[in-house]
Amino acid sequence: MTAPDATIRTRAKPGRTLPRPAPIPVYHSADYGCAAEDFDTTRKAGWIREADRQAPIPGIEWRAPAPATAAQLARVHLPRYVEAVRTGVPADLACSQGFAWDPGLWRSACAMAGGFLAAMDAALQDGAAGTLSSGQHHARADQGMGFCTFNGLVLAAHRALEQGARSVLIVDLDAHCAGGTHSMIRDDERIGQLDVALNCFDVYTPGSGESLDVVRRARDYLPVITRRLAELDARGARFDACVYYAGMDPHEHSVLGGLRGIDAGVLRAREQLLFGWCRERALPVAFGIGGGYTSPRFTQAQLVALHRLTLEACVQSRRGAPHGAGVLAGAGREREARSASAGAAHPGSVPR
Ligand SMILES: [Zn+2]
């Protein structure tokens, strides 16, 4: 796919330097880490942000999101569950993600969900954006699970649809299966899911418009992702936005989900593959950071370095290609032109 009009002007004339690409908005606020529960999922966003203060990744613009409101959350979650997380009652529901409840848990979950909403808005505007939100993809409409309280991935997908997208692809490369996300989108043909996991936790049976692979050998990991992306192209799938959950728990030293042979080099290549695929298709992408866990043999600094791979790859994918306003509209116009020239009906939604 050629670039939409907004990006064609990137070709430099002889003797001219390329214009500096716009920075990538990445969302974070102190509220991400305000839950009393002391765990990687509730703390690592702050670690990553602090690491960037010490050693900034060029090309990132840090922004604080507005927290998701109860009304926004209730568009994809049952109000009873949202209220339980807000109040802590009933306790079994409020703590269904596996954390002890305190008022900070509600603030943290709302901030991280709001980060996904803001990142999607920014991605639709500028082409790519991210949030340091984790603990999302196991959450169901009616409860939490596996350290995941609210599902910002599904919220972001719905946000894109509300903004005019006709179809949205959720790519989940966390080590664990995204059964929570699946349970919330399986009846919505406008949202597709590509899920490549290494561990059967939260496994599910993918429906039409979805794929799930549980990879057992490190050497198969990148080829499976590549093949699944190529299959989308081969099927003629068309998307107007992508939500990407960039888990780093596939790393061989992650105590939860890791697979021997998947190292930082593999994960760097994965990030370059995914963002390059989106970039080549002028597909707006909003990412979150997903899983990734410390242990006595895997330090906080090592985990932060892995998550920085996602930020670096996103920035690098945009180098030399400014992404002006209205990417969604631009991409849509291009697809319509292509469909018209091919005499085909508008592809619109995910092939089922
Ligand atoms: Zn995981």
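Note: the structure precedes this text.
What you are looking at is a predicted structure, and each value in this text was computed from that prediction instead of being measured.

Colleague: Break down the overall build of the protein chain for me, citing the residues and quoting the values.
Modeller: A count of helices and strands for the protein chain gives 12 helices and eight strands. A total of 352 residues make up the protein chain; the buried ones form 52% of that total. Of the contacts made within the protein chain by residues no fewer than 6 positions apart, 74% connect residues no fewer than 24 positions apart.

Colleague: Go over helix α4 (residues 79-87), please, and point to the residues and values.
Modeller: Within α4, burial applies to Y81, V82, A84 and V85. Mapping the buried residues of α4 onto a view down its axis gives an arc of 160°, with all of them on the same face. In α4, the exposed residues that point more than 90 degrees away from the buried face are P79 and R80. Considering only its buried residues, α4 is in contact with α3 (70-73), α5 (91-94) and α6 (103-126). With its phi angle positive at about 85°, G88 sits one or two positions after the end of α4.

Colleague: Help me get a handle on the packing of helix α10 (residues 264-280) against helix α11 (residues 300-317), residues and values and all.
Modeller: α11 packs onto α10 with a crossing angle of 35° between their chain directions and a minimal axis gap of 9 Å. Handedness of the α10/α11 crossing: right-handed. For the pair formed by α10 and α11, the contact residues are A264, L267, R268, E271, Q272, F275, G276 and R279 on the first element and L306, L309, T310, A313, C314 and S317 on the second.

Colleague: Let's hear about α11: which residues, and what values?
Modeller: An α-helical turn contains 3.6 residues, so any two residues separated by three or four positions project in the same direction. Given a rise of 1.5 Å per residue, 18 residues ought to cover 26 Å, and the 26 Å separating the end C-alpha atoms of α11 matches this to within 8%. Three or more residues of α11 are buried, namely L303, L306, H307, T310, L311, A313, C314, V315 and S317. Its buried side turned inward, α11 meets β1 (24-27), α2 (40-54), β2 (60-63), β3 (128-131), α10 and β8 (285-288).

Colleague: Any chance you could break down the sheet that holds β2 for me, citing the residues and the numbers?
Modeller: Ordered in space as β2-β1-β3-β8-β7-β4-β5-β6, the eight strands form an open sheet in which the pairing is parallel. A single partner strand is all that each edge strand has here, and the edge strands are β2 and β6 (210-214). Averaged over all pairs of adjacent strands, the angle between strand axes in this sheet comes to 15°, irrespective of strand direction. Where β1 lies against β2, four bridges are found, and the strand directions are parallel. Its bridge partner lying in β2, I24 is registered against I60.

Cut-offs applied
Residues numbered from 1 in each chain as written. Predicted model: local features only at pLDDT ≥ 70, side-chain atom pairs only at ≥ 80, totals over all residues. Helix = DSSP H or I, 4+ residues; strand = E, 2+ residues; numbered from the N terminus. Buried ≥ 20, exposed ≤ 12 C-beta atoms within 10 Å, placed from the backbone. Contact = placed C-beta atoms within 7 Å. Arc of directions from axis to C-beta. Axes fitted to C-alpha atoms, helices over the stretch in contact; angles between N-to-C directions. Left-handed = near helix turned anticlockwise from the far one by under 90°. Expected span 1.5 Å × (residues − 1). Pairing = 2+ DSSP bridges.

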